Amino acid sequence: MTDDLGQFDEVFPQSPTGDARPPNSKPLRRRKPAKQQIGFWCANALVTPVAATCCLVISGEGWRTLLGITSMRLHSLPIPGADLLRNYSGFNKLDLAILCSLVLLVAVEMVYVRFFMLLMENGNLTEQRNKNPILFFLLSAIALVIVGGDAGIFYLGLASKAANSWTETPAYVPAVATAVWLACLGAYAAWVADYKCSGTV
């Protein structure tokens, strides 16, 4: 009788550690205390404008250096209502470079946050690669292009600003500043991912 029962398959698949687990199990999430939520959103309200300003000024200059068409003003776009921006001070100076920089900043942060959440929830990217290698390498390539493109554009913007400054800037400064910028974005994304994953049980 025991031998017959031993021929049945496991109800739950085995994890890499050998423990049985239900398929596609997702961790339960609990509501965070109000104090923690308020602190998180207040910190975001302080960090986001600073990061966005740095990105729009420096990356915007990088876009203009890379593609001259991004210098086109938004009020010149063939979009209904876009010409109204011409009537407002400050908004009439917005161009495509600002818009592209903002979109790229959001994309980079999404990539970073998703990466850190995968590490914190699963702890093993090898398992994700083995499950669906094509999707894994495709998403990895897209992430590298987005992060690498942001780094290159930020570097071009810094180099352009340094070349047009009154004082002579060493050649290594834009590269170092770009590395610091990417590290700061990664640290911020890790903090956001930790906040999102810390409420799991």
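Calculation criteria
- Position numbers for residues count from 1 along each chain, tracking the sequence in the order it is written.
- pLDDT decides what is reported in this predicted model: residues at 70 or higher carry local features, side-chain atom pairs at 80 or more are listed and counted, and totals for whole chains, interfaces and linings draw on all residues regardless.
- Hydrogen atoms and water are omitted, and side-chain values are computed over all heavy atoms in the structure.
- The helix and strand labels rest on DSSP assignments: H or I over at least four residues marks a helix, E over at least two residues marks a strand, and numbering proceeds from the N terminus.
- Exposed residues in this analysis have more than 50% of their type's maximum accessible area, buried residues have under 20%, and partly exposed residues fall in between, with area computed by a 1.4 Å probe over protein chains only.
- It only takes one pair of heavy atoms within 4.5 Å for two residues to be counted as in contact.
- Here the accessible surface of atoms and residues is derived via Shrake-Rupley with a 1.4 Å probe, and residues count as covered only by protein chains that are part of the display.
- Here the nonpolar core consists of buried residues drawn from Ala, Val, Leu, Ile, Met, Phe, Trp, Tyr and Cys, with membership extended through side-chain atoms lying within 4.5 Å.
- A carboxyl oxygen of Asp or Glu within 4 Å of a side-chain nitrogen of Lys or Arg is what we treat as a salt bridge.
- Axis definition: a line fitted to C-alpha atoms, over the contacting stretch in the case of helices. Angles run 0 to 180 degrees between N-to-C directions.
- Each angle is binned into one of four classes, with values under 35 degrees roughly parallel, values over 145 roughly antiparallel, values of 65 to 115 roughly perpendicular, and all other values oblique.
- When the near helix sits turned anticlockwise from the far one by under a right angle, the crossing is termed left-handed; a clockwise turn instead gives a right-handed crossing.
- In this classification, Asp, Glu, Lys and Arg are treated as charged, Ala, Val, Leu, Ile, Met, Phe, Trp, Tyr, Cys and Pro as nonpolar, and every other residue, Gly included, as polar.
- Of the grid points, spaced at 1 Å and generated over the protein atoms alone, those admitting a 1.4 Å probe that cannot get out make up cavities, while open sets with protein on both sides within 12 Å along at least five of seven lines make up pockets; any residue with an atom within 4 Å of a point is treated as lining.
- Grid points are joined across faces, edges and corners, and a volume is the space filled by probe spheres set on the points.

Break down the overall build of the protein chain for me, citing the residues and quoting the values.
In terms of helices and strands, the protein chain carries six helices and zero strands. Each helix and strand of the protein chain, ordered N terminal to C terminal, gives the series α-α-α-α-α-α. Evaluated residue by residue, the protein chain yields a buried proportion of 25% over its 201 residues. Nonlocal contacts in the protein chain, meaning residues at least 24 apart in sequence, comprise 71% of its contacts between residues at least 6 apart. As presented, the protein chain carries roughly 13,700 Å² of accessible surface, and 67% of it is formed by carbon and sulfur atoms.

Just give me the short version of the nonpolar core, but keep the residues and values in it.
With 25 residues, the main nonpolar core has Tyr-112, Trp-181, Leu-182 and Leu-185 as its most contacted residues. Elements with a contribution of two residues or more to this core: helix 2 (34–66), helix 3 (96–121), helix 5 (133–163) and helix 6 (172–197). Here this core takes eight residues from helix 6, the largest share from any one element. Apart from residues no more than four positions distant in its own chain, Leu-185 is found in contact with Leu-105, Val-108, Glu-109, Tyr-112 and Asp-150.

I'd like a rundown of the environment of Met-117, residues and numbers included.
Its location among the elements puts Met-117 in helix 3. A relative accessible area of 12% means that Met-117 is categorised as buried.

Residues and numbers for the pattern of salt bridges, please.
Tallying each qualifying case throughout the model produces two salt bridges. In this structure, Arg-64 engages Glu-61 in a salt bridge whose closest nitrogen and oxygen atoms are separated by 3.5 Å. Of this pair, Arg-64 and Glu-61 both sit in helix 2, separated by three residues, roughly a single helical turn. The exposure class assigned to Glu-61 is buried, which follows from its relative accessible area of 18%. Residue Arg-64 is joined to Asp-95 by a salt bridge in which the shortest nitrogen-to-oxygen separation is 2.7 Å. Of the two residues, Arg-64 sits in helix 2 while Asp-95 sits in the loop between helix 2 and helix 3, which places them 31 residues apart along the sequence.

Explain the side chain of Ser-59 to me, using residue names and the numbers behind them.
With respect to the helices, strands and loops of the structure, Ser-59 is situated in helix 2. In this structure Ser-59 touches Cys-54, Ser-101, Asp-150, Ile-153 and Phe-154, once residues within four positions along its chain are discounted.

How would you summarise the packing of helix 5 against helix 6 if you had to cite specific residues and measurements?
Between helix 5 and helix 6, whose axes approach to 9 Å, the crossing angle comes to 135 degrees. In terms of orientation, helix 5 and helix 6 fall into the oblique class. Read as a crossing pair, helix 5 and helix 6 show a hand that is right-handed. Where helix 5 approaches helix 6, its residues Val-147, Asp-150, Ala-151, Phe-154, Tyr-155, Leu-158 and Ala-159 are matched on the opposing element by Pro-174, Ala-175, Ala-177, Thr-178, Trp-181, Leu-182 and Leu-185. Within the contact of helix 5 with helix 6, the residues separate by chemical class into twelve nonpolar, one polar and one charged.

Can you explain the layout of surface pockets? Please cite residues and give values.
Any empty space left between the atoms is revealed when a probe the size of a water molecule rolls over them. The volume enclosed by the second largest pocket comes to roughly 450 Å³. Lining the second largest pocket are 20 residues, with Ala-51, Leu-105, Glu-109, Leu-185 and Tyr-188 positioned closest to its centre. Top element by residues in the lining of the second largest pocket is helix 3. It accounts for eight residues. Among the residues making up the lining of the second largest pocket, the classes are represented as 17 nonpolar, one polar and two charged.

For the environment of Val-47, give the residues involved together with the corresponding values.
Within the secondary structure layout, Val-47 lies in helix 2. Of the residues examined, Val-47 reaches a relative accessible area of 37% and is grouped as partly exposed. In this structure the C-alpha to C-alpha distance between Val-47 and Tyr-188, which are 141 residues apart in sequence, comes to 8.8 Å.

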